[in-house]
Structure formats: C-alpha cells, structure tokens
Amino acid sequence: MYYPQTIDPSMPSSKFLKLTNGLHKRISSIYIQLRTRHIPLNYHLHRTSKSDTPHCPICPGIDETTYHYLFDCPQYRRERHIFANAVRRSATSIAHILTSEKVTPHLIRFINSTGRFKPTFDLTYTCNIIPVAILFVERKRRHIL
C-alpha cells in the first residue's frame, strides 16, 4: 500500500499547487482524492460505512483501491492501454502519474473514459470542462518549454 508521502513527501507542496493551478475545481478534487486515497472507490467507501464491501465489483476478493483502479482492474483494460500508450514508461509509476504536469491531460482522459466517478462527480458537466483543462495544461506546458 502506498501513502501520500510516498507520492510527494512534502504534500501539500508548491509542486502540487503548481500542478493543480488553473485546473477546474472538480479535477483538482479528484487529484487530491487519488493522492490521499479518499476517493469514492469501494475500499474507502467501506471504511466510511458507505459500501458493504471493500472489494472491486469486477474482481472478487480484491480491494478496490486507487492502485487497483489505475493499474490492475480488467474493467478498464482498454482505457489503461490508451493511457499507457500516451504516457509511455510513466504509466507504471503512481508517484509520477499523480505528480507530473505532462501526464495530467492523459490522466483526465483516462478518468473520464472509465466513467467510474460519474455518479459522484457528475462528469456530464465536467466533460465540457475537461477539454478546456487539457488545453490549459498543454498551453502551460508549451509556455514552460
């Protein structure tokens, strides 16, 4: 199991604030929840008595954690493949995925395409914002380079 300190030991850091600066509040919220493991996946929901089981609905006996959602669950194999092709080697490191500005647009696309958080975050509204957020991050990155 990983903890936020292993992702970014100085959390909340200026690096994280820079990463989320200018992103829509819902997207920043998802980032924070992924990093702290307080995201509406069954593992966390079970700890807060909002789910009967901590297990993944697709993978019996396996806890639905942030790591499982991002790397292991076969339900999102196609989305993960697209994500991995976009970010290459970076796709294997949870620390890099959750701290890299270059990965942000791809992570947003992955989360949106899985639809896993749609009931909680109502991504129908955010879907209109995600392309704007991606453009913002890509423009910001070009300006830095």
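Residues numbered from 1 in each chain as written. Predicted model: local features only at pLDDT ≥ 70, side-chain atom pairs only at ≥ 80, totals over all residues. Heavy atoms only, no water.

A few words now on the overall build of the protein chain. Across its full length, the protein chain holds ten helices and zero strands. Across the protein chain, helices and strands are ordered from the amino to the carboxyl terminus as α-α-α-α-α-α-α-α-α-α. Looking at the protein chain residue by residue over its 145 residues, the buried ones come to 47%. Sequence-distant contacts in the protein chain: of pairs separated by 6 or more residues, those separated by 24 or more amount to 55%. In the form shown here, the protein chain has an accessible surface area of approximately 8,300 Å², with 54% of it arising from carbon and sulfur atoms. (Helix = DSSP H or I, 4+ residues; strand = E, 2+ residues; numbered from the N terminus. Buried < 20%, exposed > 50% of the residue type's maximum accessible area, 1.4 Å probe, protein only. Contact = heavy atoms within 4.5 Å. Areas by Shrake-Rupley, 256 points an atom, 1.4 Å probe, with all protein chains shown as cover.)

Attention now goes to helix α3 (residues 25–36). In a regular helix each residue adds 1.5 Å, so twelve residues correspond to 16 Å; α3 covers 16 Å between its end C-alpha atoms and thus fits that length. Within the sequence span of α3, burial applies to Ile 27, Ser 28, Ile 30, Tyr 31, Gln 33, Leu 34, Arg 35 and Thr 36. Downstream of α3 by a residue or two, Arg 37 has a phi angle that is positive, lying close to 65°. (Expected span 1.5 Å × (residues − 1).)

A full pass over the atoms with the stated rule returns one salt bridge. In this structure, the salt-bridge partner of Glu 64 is Arg 116, at a minimum N-O distance of 2.9 Å. Taken together, the positions of Glu 64 in the loop between α4 (42–47) and α5 (66–72) and Arg 116 in the loop between α8 (104–114) and α9 (118–121) put the pair 52 residues apart, joining distant regions of the chain. Side by side, Glu 64 and Arg 116 carry an identical accessibility label, which is buried. (Salt bridge = Lys/Arg side-chain N within 4 Å of Asp/Glu carboxyl O.)

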